Amino acid sequence: MSDAETTTGTRRSDRDDIVVCDACPVLCRIRPDKTGACGRYGNLDNALVRMDPIILARQAAERDEEMVPFLANPAAGAEWDGSLVSGGEAFVTGIGAGTTYPDYKPAPFIVSSKAEGVDMVTVVTEGIFSYCGVKVKIDTDRHLGPEQAAVRCKGEQVGHVTTAEYGSQMLALGGVRHLTGGSKKEGNVTCQALLSLCNKQAVELEIDGGAKLEVQAGKAPVINGVTEERMRVGCGSATIGIFAQQWLGHADEVIVVDDHITGVLTEHQAGKFLDMPASGIRVGGRRSTPGRYFQVAEPGTGWGGTDISDPLSIIERIDPKTAWPGLRLLMVSTTGEHAAWFELDEDLKPREAEMPSPIQVVVDRIGENCEPALSSVLFMAGAGGSLRAGATENPVRLTRSVKDSLTRVTAGGAPVYVWPGGGITIMVDALAMPDNAFGYVPTPAIVGPIEFTMPYETYAELGGHMDFVQPLESVLAQNGGGGRIQMTEQKAENPWPLNPGPLQPGRVGENR
């Protein structure tokens, strides 16, 4: 590589052939043809060089192509062929760009381009995030562990269980307290777990007092060795409401077992609306409103996210004054994964029987209406210090520009959600980003791409580093040799970062 491809300053050691990397506080002493501890920077020809290629996203004419895998193998990314690229059709991402550490340095690339006749500037860097973590959404009704329970990886606590959402269990992993506030091993394990999750790799986790998990972005979660298949159609009450009409005339009572809200059809408003007679079957737990029961069993991995394997165990009593012999009873879970058909005998005891075809059709329909269970990984980080100083000498102006929707924030070209309130706290779906977009430094911290795009006039007004603005063509000319640039197609579902139109406040995945 040439000197022009060096993305950060080079500091000499007491040996002429050793380069001291100043891209993070570790200050690795790198011997010739070797890389530092993070593997991101190396000593080539006595120069400090960012080893990975810069990823340039191209706006495809037909927006139905996805970004090619990045660095999975030598042929993974398409090396830039030196052809001219229109500024409005190409976007320099932060992947492979290098960092702004120490804070006084401008961002590695401050790129000017023209999009739809508007002069634009993109400030491009790789952020060193100590204040970062991931939110993991796991589609399952199964009990993973008590709220606030520790989540461990290789025996070290890397996060905790947080509030459950509709049909999903949520984990909060990482954060500065685990990265730097515990033991060295805890910090390193946490950093590696975050890095793997953000790069769409599988990670094994264990929850205190709960389940063992394998999670991977975009893949079905594996819970205690069993691959989850379905995300529930709704709670027990909602399932009653959806399918009540289809059960009418085929069942005399339906109980939908759910750890959160168990539904009982004839007591439920849906059953009353259909003029269904009371069955006299009463379930245990705490009655909330007619036909809706809380706490019918303990949380677990059985029927409907409870700890039961025998559905009849939640029946508290059967009223002989109301029930009758031959009463037809369906018990089913919120995913349709568990279902059983019973008929009351002369003593009003439920006896399991063959499920009638019309009932089986509706049970199958419950399963059909369940979405596939997936694990979702959202990277969350605060853009502070180096990032903002790399854009302007007065960092608060960048913050205000983002809050005022004058500056668009992206991560590897993918849209981010910017949290309201102070600072620039971003959240981005790992699946929306190119593969292997993240790295690390052994401080420990996660390294991730971030880009700030705005009109040229806006950048000048917020006090940007105008002397460091380079046309896109100049960036390509200086860095195009030796595979230093790889071209990829922007994901079809991602908005184009260089769109000079107004930002959409409140839109999911975009700035607010």
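When helices and strands are tallied, the protein chain shows 9 helices and 38 strands. The buried share of the protein chain, reckoned over its 512 residues, is 54%. A fraction of 68% describes how many contacts in the protein chain between residues 6 or more apart in sequence connect residues 24 or more apart. Looking at the protein chain as shown, the accessible area adds up to about 21,900 Å², and 48% of this sits on carbon and sulfur atoms.

Take the packing of helix H3 (residues 236-247) against helix H5 (residues 357-368) next. Two numbers describe a pair of packed helices, the interaxial angle and the distance between the axes. The contact between H3 and H5 brings their axes to 10 Å, and the two run at 155°. On the basis of the axis angle, H3 is roughly antiparallel to H5. For the element pair H3 and H5, the recorded crossing hand is right-handed. Across from Thr239, Phe243, Gln246 and Trp247 in H3, the residues of H5 making contact are Ile359, Val362, Arg365 and Ile366. Looking at the contact of H3 with H5 residue by residue, the class counts come to 5 nonpolar, 2 polar and 1 charged.

So, on to helix H7 (residues 395-403). Residues that lie three or four places apart on an α-helix share one face, since the helix turns once every 3.6 residues. Looking at H7, one finds that the buried residues are Leu398, Thr399, Ser401 and Val402. Looking straight down H7, one finds its buried side chains confined to an arc of 160°; they lie on one side. Residues of H7 that are buried make contact with helix H6 (385-389), strand E31 (408-411), strand E33 (417-418), strand E36 (445-455) and helix H8 (456-461). Serine 405 lies just past H7 and shows a positive phi near 60°.

In this section: the sheet that holds strand E13 (residues 156-161). Spatially, 11 strands are ordered E18-E17-E16-E15-E12-E13-E14-E11-E30-E34-E33 in an open sheet, and the strand pairing comes out antiparallel. Edge strands, defined here as strands with exactly one partner in the open sheet, are strand E18 (226-227) and E33. As paired elements, strand E12 (residues 150-153) and E13 share 4 bridges and run antiparallel to each other. Note on E13: the bridge partner recorded for valine 151 is glycine 159. Contacting strand E11 (132-139), E12, E13, strand E14 (168-174), strand E15 (203-207), strand E16 (212-215) and strand E30 (375-382), helix H2 (residues 184-198) crosses the sheet at an angle of about 55° to E13.

Across the sheet, 7 strands lie side by side as E23-E24-E21-E20-E26-E27-E28; this open sheet has mixed pairing. The sheet is open, and its two edges are formed by strand E23 (286-289) and strand E28 (350-352), each paired on a single side. In this sheet, adjacent strand axes meet at a mean angle of 25° when their direction is disregarded. Of the pairings in the sheet, the one linking strand E20 (residues 253-257) to strand E26 (residues 328-333) comprises 5 bridges and is parallel in character. Opposite valine 254, over in E26, you have leucine 330 as the bridge partner. Relative to the sheet, H3 contacts E20, strand E21 (262-264), strand E24 (292-294) and E26, its axis offset from that of E20 by approximately 150°. Contacting E26 and strand E27 (339-344), H5 runs over the sheet at an angle of about 15° to E26.

To continue, consider the nonpolar core. Among soluble globular proteins, nonpolar side chains are generally buried collectively. Judged by nonpolar contacts, the single largest core of 63 residues is most densely connected at Leu171, Leu173, Leu205, Leu213 and Phe379. Here the element with the most residues in this core is H2; it accounts for 7 residues. If we skip the residues at most four places from it in the chain, leucine 205 touches Val151, Arg152, Cys153, Val158, Leu171, Leu173, Ala211, Lys212, Leu213 and Val215. In terms of nonpolar packing, the next biggest core, distinct from the first, is built from 21 residues, Val233, Val256, Leu274 and Val332 among them.

So, about H5. Given a rise of 1.5 Å per residue, 12 residues ought to cover 16 Å, and the 16 Å separating the end C-alpha atoms of H5 matches this to within 8%. Taken residue by residue, H5 has Ile359, Val362, Val363, Ile366 and Gly367 as its buried positions. Projected down its long axis, H5 carries its buried residues within an arc of 150°, all on one side. Of the residues in H5, the exposed ones pointing more than 90 degrees away from the buried face are Ser357 and Glu368. Of the surrounding elements, those touching the buried residues of H5 are strand E19 (230-231), H3, E26 and E27.

This next bit is on the pairing of E11. Burial runs high along E11: 6 of the 8 residues are buried. Where E11 meets E30, 7 bridges bridge the pair, whose relative direction is antiparallel. Bridging across to E30, isoleucine 138 finds its partner in serine 375.

Next up on the list: the confidence of the model for the protein chain. Per-residue confidence for the protein chain averages 89 on the pLDDT scale, and 88% of its residues sit at or above 70. Counting interchain partners and residues more than four positions distant, the pLDDT-below-50 stretch residues 1-10 has 34 contacts. With pLDDT under 50 throughout, residues 62-77 is counted as low confidence; its partners more than four residues away or in other chains account for 43 contacts.

Our next topic: the environment of isoleucine 240. Here isoleucine 240 is to be found in helix H3. By relative accessible area, which is 0% here, isoleucine 240 ends up buried. Linking isoleucine 240 and valine 254, residues 14 residues apart in sequence, is a C-alpha distance of 8.0 Å. Apart from the residues within four sequence positions on either side, isoleucine 240 is in contact with Trp247, Val254, Val256, Gly263, Val264, Leu265, His268 and Ala270.

One pass over the full model with this rule turns up 5 aromatic pairs. Where phenylalanine 243 meets tryptophan 247, the ring centres are 6.0 Å apart and the plane angle is 50°; that geometry is what we call tilted. Taken as a pair, phenylalanine 243 and tryptophan 247 lie in helix H3 at a separation of 4 residues, close to a single helical turn. For the pair formed by phenylalanine 243 and tryptophan 247, the shared burial category is buried. Through pairs of rings, three or more aromatic residues link up here, namely Phe129, Phe379 and Phe438. Its guanidinium or amino end placed over the ring of tyrosine 41, arginine 50 lies 5.9 Å from that ring's centre, counting from NZ or CZ.

To continue, consider the pattern of salt bridges. Inspection of the entire model under this criterion finds 15 salt bridges. For aspartate 119, the salt bridge identified is with lysine 114, shortest N-O distance 2.6 Å. Salt bridges linked by common partners bring Arg40, Arg50, Asp52 and Glu126 together as one network.

What counts, and where the lines are drawn
Residues numbered from 1 in each chain as written. Predicted model: local features only at pLDDT ≥ 70, side-chain atom pairs only at ≥ 80, totals over all residues. Heavy atoms only, no water. Helix = DSSP H or I, 4+ residues; strand = E, 2+ residues; numbered from the N terminus. Buried < 20%, exposed > 50% of the residue type's maximum accessible area, 1.4 Å probe, protein only. Contact = heavy atoms within 4.5 Å. Areas by Shrake-Rupley, 256 points an atom, 1.4 Å probe, with all protein chains shown as cover. Axes fitted to C-alpha atoms, helices over the stretch in contact; angles between N-to-C directions. Parallel < 35°, antiparallel > 145°, perpendicular 65-115°, else oblique. Left-handed = near helix turned anticlockwise from the far one by under 90°. Nonpolar A, V, L, I, M, F, W, Y, C, P; charged D, E, K, R; others polar. Arc of directions from axis to C-beta. Pairing = 2+ DSSP bridges. Core = buried A, V, L, I, M, F, W, Y, C linked by side-chain atoms within 4.5 Å. Expected span 1.5 Å × (residues − 1). pLDDT = per-residue confidence, 0-100. Phe/Tyr/Trp six-rings, centres within 6.5 Å; stacked < 30°, edge-to-face > 60°. Lys NZ or Arg CZ within 6 Å of the ring centre and 35° of its normal. Salt bridge = Lys/Arg side-chain N within 4 Å of Asp/Glu carboxyl O.

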